[in-house]
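Listed below, chain by chain, are the residues.
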Amino acid sequence: MIKNAYQVAVAEEQGLPAAAELPAGEDHIAPAPRVSVQAFCETVETAAAVQAAGEDRRLAKAHVKIQMGGIAAAIEAYRSSATPNVIVIEADTRADEILGGLDQLAEVCDAGTRVMVIGRINDVTLYRELTRRGVSDYLIAPVGTIDVVRSICGLYSAPDAKPVGRIIAVVGAKGGVGASTIAHNVAYAIGADFGVDSVVADLDLAFGTAGLDYNQDPPQGIADAVFSPDRIDGGFVDRLLSKCTDHLSLLAAPATLERVYDFGAESFDAIIDTLRNSVPCIVLDVPHQWSGWTRRLLVSADDILIVAAPDLANLRNAKNMVDLLRVARPNDRHPYYCLNQAGVPKRPEITPADFAKALEDQPLAVIPFEPQLFGTAANNGQMIAEVSSGHKTAEMVRQLAQVLTGRAEAKRARSGLLTPLLAKLRKKSA
Ligand SMILES: Nc1ncnc2c1ncn2[C@@H]1O[C@H](COP(=O)(O)OP(=O)(O)O)[C@@H](O)[C@H]1O
Ligand SMILES: [Mg+2]
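What counts and how
Residue indices follow the written sequence of each chain, beginning from 1 at its first position. The lettering of chains begins at A and the numbering of ligands begins at 1, in the order of writing. Thresholds applied to this predicted model are a pLDDT of at least 70 for local features of residues and 80 or more for the giving and counting of side-chain atom pairs; totals over whole chains, interfaces and linings are not thresholded and use all residues. To get the side-chain values, all heavy atoms of the structure are used, and hydrogens and water are removed first. Any Lys or Arg side-chain nitrogen located within 4 Å of an Asp or Glu carboxyl oxygen qualifies as a salt bridge. Comment: elements are numbered from the N terminus, with helices defined as DSSP H or I runs of at least four residues and strands as E runs of at least two. Helix axes are fitted only over the stretch in contact, all axes being lines through C-alpha atoms; the angle between N-to-C directions runs from 0 to 180 degrees. Each angle is binned into one of four classes, with values under 35 degrees roughly parallel, values over 145 roughly antiparallel, values of 65 to 115 roughly perpendicular, and all other values oblique. Crossing handedness: left-handed means the near helix sits turned counterclockwise from the far one by under a right angle, and right-handed means the same turn made clockwise. The contact rule is simple, with two residues in contact once any of their heavy atoms fall within 4.5 Å. Helix span, as expected, comes to 1.5 Å for every residue beyond the first. Each residue gets one of three labels from its accessible area relative to the maximum for its type: buried under 20%, exposed over 50%, partly exposed in between, using a 1.4 Å probe on protein chains only. Think of it this way: a Phe, Tyr or Trp ring, Trp meaning its six-membered ring, pairs with another when their centres are within 6.5 Å, and the plane angle makes it stacked under 30 degrees, edge-to-face over 60, tilted otherwise. The pairing criterion is simple: DSSP has to find at least two bridges between the two strands. What makes a residue near a molecule or strand is one non-hydrogen atom of that residue sitting within 4 Å of it. The term polar contact refers here to a pair of N or O atoms within 3.5 Å; inside protein, the definition further demands a hydrogen-donor-capable atom paired with an acceptor-capable atom, and it admits residues adjacent in sequence only when both atoms are side-chain atoms.

**Observations regarding the pattern of salt bridges**
One side chain can pair with another of opposite charge once the charged atoms of both are near each other.
For step 1, the next point in the chain: Following the criterion strictly, the structure yields 22 salt bridges and no others.
For step 2, the next point in the chain: Residue Lys319 is joined to Asp323 by a salt bridge in which the shortest nitrogen-to-oxygen separation is 3.3 Å. Here Lys319 pairs with Asp323, and both are found in helix H13 (residues 312–328), just four residues apart, close to one helical turn.
For step 3, the next point in the chain: Residues participating in the shared-partner salt-bridge network are Asp103, Glu129, Arg132 and Arg133.

**A look at the packing of helix H3 (residues 70–80) against helix H4 (residues 95–108)**
For step 1, the next point in the chain: Across the interface, H3 lies against H4 with an axial gap of 9 Å and an inter-helix angle of 15°. If you check the angle between H3 and H4, you find them roughly parallel. Our pair here, H3 against H4, has a crossing hand that is left-handed. Counted together, Ile71, Ala74, Ile75, Tyr78 and Arg79 of H3 and Ile98, Gly101, Leu102, Gln104, Leu105 and Val108 of H4 form the full contact between these two elements.

**Thoughts on helix H6 (residues 145–157)**
For step 1, the next point in the chain: Helix length check: H6, at 13 residues, gives a terminal C-alpha distance of 18 Å against a target of 18 Å (1.5 Å per residue), a fit within 8%.
For step 2, the next point in the chain: Listed as buried for H6 are Val148, Val149, Arg150, Ser151, Ile152, Cys153, Leu155 and Tyr156.
For step 3, the next point in the chain: In the core, the buried residues of H6 are packed alongside strand E1 (36–41), helix H2 (44–54), strand E3 (86–91), strand E4 (114–119) and strand E5 (137–140).

**Here we look at the packing of aromatic side chains**
For step 1, the next point in the chain: Under the counting rule described, the total for this entry stands at nine aromatic pairs.
For step 2, the next point in the chain: Each ring, one from Phe227 and one from Phe263, has its centre 5.7 Å from the other, and the planes form 50°; the classification is tilted. Remark: Phe263 occurs in the loop between strand E9 (248–251) and helix H11 (269–278) and Phe227 occurs in helix H9 (residues 222–227); sequence separation between them is 36 residues.

**So, the sheet that holds strand E2 (residues 63–68)**
For step 1, the next point in the chain: The strand order across the open sheet formed by five strands is E2-E1-E3-E4-E5, and the pairing between neighbours is parallel. Either end of the sheet is taken by a strand with one partner, and the two such strands are E2 and E5. The average undirected angle you get between the axes of adjacent strands in this sheet is 15°.
For step 2, the next point in the chain: Of the pairings in the sheet, the one linking E4 to E5 comprises four bridges and is parallel in character. When the sheet's bridge partners are listed, Ile118 is paired in E5 with Leu139.
For step 3, the next point in the chain: Relative to the sheet, H4 contacts E3 and E4, its axis offset from that of E4 by approximately 160°.

**Thoughts on the site of ligand 1**
For step 1, the next point in the chain: Within the structure, ligand 1 sits among 15 residues, and Gly176, Ala179, Ser180, Thr181 and Asn340 are positioned closest to it.
For step 2, the next point in the chain: Take Gly178: an N or O atom from its main chain is 2.9 Å from an oxygen atom of ligand 1.
For step 3, the next point in the chain: Separating an oxygen atom of ligand 1 from a side-chain N or O atom of Gln341 is a distance of 3.3 Å.
For step 4, the next point in the chain: Within the residue set of the shell around ligand 1, elements represented by two or more residues are helix H7 (179–194), strand E12 (336–342) and helix H15 (371–380).

Structure representation (structure tokens):
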């Protein structure tokens, strides 16, 4: 939707029709997905407009936060924390100051974050420079509530808009290695520590434990989606999700055996596509099996985490999975893997170094076997971080979440036991 002078300038540059050729009148604004929006305002008028926008029905799913301080406050804030899906900056200054500030902001911005600017300068040279820097939209102050709503929603509804969601598939190299436990804990951390809305889809329909792990027993879930593919749309999927925390929802497995679960390779396509359009992060808890649909989900995920226990069968299986997925995804990062349940007393184990040699990649983490901690969490329907948030395993889970969500390099250097190791791994795998 071409609306303002900035967008006209962008359109002209791209050879698209100019504003005059577009239909006039109030347009339809598609609701925004579950994105996080953070605004850094300079004037109370703009803050009020953004605040009111956040209360608009079309932004009902989005999380909108507002603070004052403009671009300087934004740069300061994101030096040490992850950026949201959308940053709104009010820049009440000269063009060169706006551009200088944006360059600094770019250094601390995570990939995928979109930046909208609200300024007072109406000038085509500034527009060009803003486009060149990848600014998604420029609004001229004073802005009305509906302008802000339209601009944020427009980021996700344009015909060429990229789907908002990132798919992370977690799978075990063998059954029982803790893949589901790690998937659930990582998804929890993505919501709790990064404020990113996520959905866990429990794809082990017969025996899945996500409902138990999050202490939820929803009447509906993933089965309703795969058995009625024709009904799938945003509203239908919303009703299937059960909310676990502010930022985390569950698409639960029925875990009942009345039906059998034989699926075609494409059975999950519709639900995944719909989730991708509305949720920033989707964690797939993929059962340990090799079928048309599991293979397809792994191949099409944005990132893959293979969980392996340190024994020979796990090593062989992980190696086979990594080899196949590397070939099937030649232009993607290699699948990540982590070792879990390491250090069981008296058990001979294959070392992380041997895994690294065979898989030609370092593990993202080596999580110790901790029956007390994991057993307590599992039996109480809690996450590791809820049982003991300061525990080093909880920190490892956070680190996994950070890497899997593609957080910016610099910001991974928060204090944490794994930081130096992870930094080294990243250099190697980059
Ligand atoms: N690091 C660990 N230490 C101790 N127990 C663990 C650990 N990781 C997972 N578990 C336990 O192992 C069991 C199997 O985990 P699960 O996540 O269901 O495995 P999978 O999905 O790979 O089949 C669960 O009881 C879980 O609590
Ligand atoms: Mg499992």
